[in-house]
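Residue strings, one per chain:
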Amino acid sequence: RIRWEAGPYDNTEDFFAFSPNFHKDLLIKTERLAKSIPKIPGWNFLGAKPRKKWATRKIFIKNKEYYFDNWRYRLVLFEGSELFDIDFFSFDDDIDEDIKLYLGVFLASSELGEKLFMKSVDRVDVKYRPKEGESSIDIKNLFDQIVELSGNI
């Protein structure tokens, strides 16, 4: 059930992540695995996929590009809970119903990184747009707001 991902970590280094693939029971194993790798110059070994550092938030699936830069969100925190629900607003009425949840989970885990997503998010939903009078926040603020409200990082 463990997966992996590799890519640029910053301007000078790369990463190799052992992904628990959203299985919370595997996170401790993937983190141990990453810590067991000897230091290799230019590489960072991680126990979960890091946040994406993308210039343009987009993904290409089923011959279609989906752009997330204009998406907005609303967090819901229930009393006594440490987990957030995220309602995304896409403003794109052309998204197939069968892919909406995937896009929402992809966006949330990409913005937060896999570990923070697993520790802080309970449910993700994607809607077309907020109802009149409903507030929403620009997607670029999601990471900072979750870190501030949850204390997780």
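Residues numbered from 1 in each chain as written. Predicted model: local features only at pLDDT ≥ 70, side-chain atom pairs only at ≥ 80, totals over all residues. Heavy atoms only, no water.

Engineer: Report on the sheet that holds strand β6 (residues 72-77), specifying residues and quantitative values.
Structural biologist: In space, the 4 strands of this open sheet follow the order β8-β7-β6-β9, with mixed pairing throughout. Lying at the two open borders of the sheet, with one neighbouring strand each, are β8 (121-127) and β9 (137-138). Sheet topology note: the strand β7 (residues 84-89)/β8 ladder contains 6 bridges and is parallel. Paired with Phe89 across the two strands is Lys127, which belongs to β8. Lying on the sheet, helix α2 (residues 97-112) is in contact with β7 and β8; it crosses β8 at an angle near 125°. (Pairing = 2+ DSSP bridges. Helix = DSSP H or I, 4+ residues; strand = E, 2+ residues; numbered from the N terminus. Contact = heavy atoms within 4.5 Å. Axes fitted to C-alpha atoms, helices over the stretch in contact; angles between N-to-C directions.)

Engineer: Please set out the packing of α2 against helix α4 (residues 142-150) residue by residue, giving values where relevant.
Structural biologist: When two helices pack together, their arrangement is given by the angle between the helix axes and by the axis-to-axis distance. In the contact formed by α2 and α4, the axes pass within 8 Å of each other and the chain directions differ by 70°. When the axes of α2 and α4 are compared, the pair comes out roughly perpendicular. Across the interface between the two elements, Ala108, Glu111 and Leu112 from α2 touch Leu142, Phe143 and Ile146 from α4. Residues belonging to the contact of α2 with α4 are distributed by class as follows: 5 nonpolar, no polar and 1 charged. (Parallel < 35°, antiparallel > 145°, perpendicular 65-115°, else oblique. Nonpolar A, V, L, I, M, F, W, Y, C, P; charged D, E, K, R; others polar.)

Engineer: Describe the side chain of Ser19, with residues and values.
Structural biologist: Tracing the backbone shows Ser19 in strand β2 (residues 14-19). In this view, Ser19 contacts Arg1, Ile2, Arg3, Trp4, Thr30, Lys49 and Glu114; residues no more than four positions away in its chain are not counted.

Engineer: Help me get a handle on the sheet that holds β2, residues and values and all.
Structural biologist: Spatially, β1-β2-β3 is the arrangement adopted by the 3 strands of the open sheet, whose pairing is mixed. At either margin of the open sheet sits one strand with a lone partner, and together these are β1 (3-8) and β3 (43-46). Within the sheet, the average angular offset between the axes of one strand and its neighbour, ignoring direction, is 15°. Relative to β2, β1 runs antiparallel, the two sharing 6 bridges. Its bridge partner being in β2, Arg3 is matched across the sheet by Ser19. Running at roughly 145° to β2, helix α1 (residues 24-36) makes contact with β2 and β3 of the sheet.

Engineer: Which residues make up the pattern of salt bridges, and what values do they have?
Structural biologist: One pass over the structure, following the stated rule, counts 15 salt bridges. In this structure, Glu65 and Lys58 form a salt bridge, with 3.4 Å as the shortest nitrogen-oxygen distance. The partly exposed category is assigned to Glu65, whose relative accessible area is 35%. Across the pair Asp125 and Arg123 runs a salt bridge whose closest N-O atoms are separated by 3.9 Å. Connected via shared salt-bridge partners are Arg74, Asp85, Asp87, Arg123, Asp125, Lys127 and Glu134. (Salt bridge = Lys/Arg side-chain N within 4 Å of Asp/Glu carboxyl O. Buried < 20%, exposed > 50% of the residue type's maximum accessible area, 1.4 Å probe, protein only.)

Engineer: Lay out the layout of surface pockets with the relevant residues and their values.
Structural biologist: Any empty space left between the atoms is revealed when a probe the size of a water molecule rolls over them. Here the largest pocket is characterised by a volume of approximately 500 Å³. Around the largest pocket, the lining comprises 21 residues; the ones closest to its centre are Leu46, Ala48, Lys49, Pro50 and Lys115. Those elements that provide at least two residues to the lining of the largest pocket are α1, β3 and α3 (114-120). Here the lining of the largest pocket takes 4 residues from α3, the largest share from any one element. (1 Å grid on protein atoms, 1.4 Å probe; cavity = no way out; pocket = protein on both sides within 12 Å on 5 of 7 lines; lining within 4 Å. Points joined across faces, edges and corners; volume = space filled by probe spheres on them.)

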